[in-house]
Amino acid sequence: MADLELRNFTKVYQAGSTDPIIGVDDLNITLEEGNFLVLVGPSGCGKSTTLRSIAGLESVSEGEIRINGNVVNDAKPKDRDIAMVFQNYALYPHMSARENMSFGLKMTTNLSDEEVSDRVERVADMMGIGDLLGDKPKELSGGQQQRVALGRAIVREPQVFLLDEPLSNLDAKLRAHMRTEIQELQNDLNITTVYVTHDQTEAMTMGDKIAILDGGKLQQVGTPLECYYAPKNRFVAGFIGEPAMNFFEMEVDNSDLLSDGIRYSLSESRFDSVRGEGRVTLGIRPEDIELVDGSGDHTARAKVNVIEPLGDINYMHAEAGGTELTVKIPGERYVTEGSEVTLAFPEDKIHLFSGETGDALCNRSLPTDESFSAQLSLHD
Ligand code: ADP
Ligand code: MG
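Residues numbered from 1 in each chain as written. Chains lettered and ligands numbered in written order. Predicted model: local features only at pLDDT ≥ 70, side-chain atom pairs only at ≥ 80, totals over all residues. Heavy atoms only, no water.

A. Region of interest: helix α2 (residues 97–108). For α2, the set of buried residues is Ala97, Asn100, Met101, Ser102 and Leu105. Contacts made by the buried residues of α2 are with α3 (113–126) and α4 (142–154). (Buried < 20%, exposed > 50% of the residue type's maximum accessible area, 1.4 Å probe, protein only. Helix = DSSP H or I, 4+ residues; strand = E, 2+ residues; numbered from the N terminus. Contact = heavy atoms within 4.5 Å.)

Below you can see the structure in the form of structure tokens.
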């Protein structure tokens, strides 16, 4: 049985006499017990609306939310067996870490004081804050405070765990550390979790599955690798991956694609996928463009604007046929800013999207080895 299910979930905000705002439009998502789903998308796409509705903090306009098979649309938040952690984790400032973690348990369960203490101490030890239980929030660092906030939710041993951008207030290094920590915790506890973030890196690194939203609409649900290698549309292709995929707007001309000064000939199978389209977008990731000597099929001249060295690699920002693009090259490769280079765009690495709808017409070819395929496919 699915642990958490959204069926045609729609949320419309109707504020006074203004036009209704559609927060989330016809969302379908299923999580099995223990799944870790990352809900990701740009600001305003409906992530918090979805999470708050699952928690019972917002009403459902249409559709159903099911927990353990039961429709909970009308259930009170406290009856849903859910714990939620927000970006602004708002610990009670006058309470110690122990009191902050015990408070909810005391309010919502009839556990004895001793049982509450046991649970709080066990979770605090697991989270590495066992020694800090006597401290008030202001005596704790940002990371320690966030651990207390997570611990406060975990001690309740909920059926479903909801996290809304819980790491946004932390600095980059601590964020990376807490990412791993939350994953380990979730693995150990095996609690069904929905984790909301606008950060595609968090989505890629943390999720068993990711669901990408834009404008209240679901764009794709899949494993991180599936969304990376086989995006369903141009939005997903551009959102997942950092630096972003490069896009060329092109016209279909017989079996060639044309844009300012670039002619790209398509093999028969790829041409088949664009047949009938007037304009398409060609997408290729920064790591798939090659710096080559001489000219040939699927190459173009490019002007190098800026080199961004990261040590092991360089990002080369260049311009080809009026389109700006980013190319990932080895760190030891020396290219002068302002110079001209030849770039190759291997045909097996390109994605083609409909110019009209943005839907993927053809994704890049995939490595065929088994370990890759295993990670690529959905494992519920
Ligand atoms: P996210 O968390 O992805 O940034 P939200 O779920 O907060 O996005 O918001 C989704 C959409 O719903 C936005 O257009 C937002 O302005 C709108 N919205 C959110 N909360 C309310 C509200 N209480 N009243 C009216 N509109 C809202
Ligand atoms: Mg939000």
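Once the structure has been displayed, the description carries forward.
B. How the structure looks around the pairing of strand β20 (residues 351–354). Every second residue of β20 is oriented toward a common face, with His351 and Phe353 on one face and Leu352 and Ser354 on the other, all of them buried. As defined by bridge partners, strand β14 (residues 279–284) adjoins β20 across four bridges and the pair is classed as antiparallel. Paired with Thr281 across the bridge in β20 is Phe353. The pairing of β20 with strand β21 (residues 360–362) spans two bridges and is antiparallel. Pairing of Phe353 across the sheet is with Ala360, part of β21. Between β20 and β21, which pair antiparallel in sequence order, lie five residues; one of them, Gly358, sits at a positive phi of approximately 80°. (Pairing = 2+ DSSP bridges.)

C. How the structure looks around unusual backbone geometry. The peptide bond linking Glu242 to Pro243 adopts the cis configuration, its omega dihedral lying at -5°. Summarising the element assignment, Pro243 is placed in the loop between α8 (234–239) and β11 (246–253). Phi angles above zero are rare outside glycine, and Asp26 is one such case at about 55°. Despite not being glycine, Asn190 has its phi angle at roughly 55°, a positive value.

D. Spotlight on the pattern of salt bridges. Counted according to the given criterion, the structure contains 18 salt bridges. A salt bridge links Arg147 to Glu181, with the shortest nitrogen-to-oxygen separation between them at 2.7 Å. Taken together, the residues Arg147 in helix α4 and Glu181 in helix α5 (residues 172–189) connect sequence positions 34 residues apart. When sorted by exposure, Arg147 lands in the same class as Glu181, which is buried. Asp253 is the salt-bridge partner of Arg263, the closest N and O atoms lying 3.4 Å from each other. Taken together, the positions of Arg263 in strand β13 (residues 262–265) and Asp253 in strand β11 put the pair ten residues apart, joining distant regions of the chain. Taking the relative accessible area as the measure of exposure, Arg263 reaches 47% and is therefore partly exposed. Taken together, the shared-partner salt bridges connect Glu5, Arg7, Glu64 and Arg66 into one network. (Salt bridge = Lys/Arg side-chain N within 4 Å of Asp/Glu carboxyl O.)

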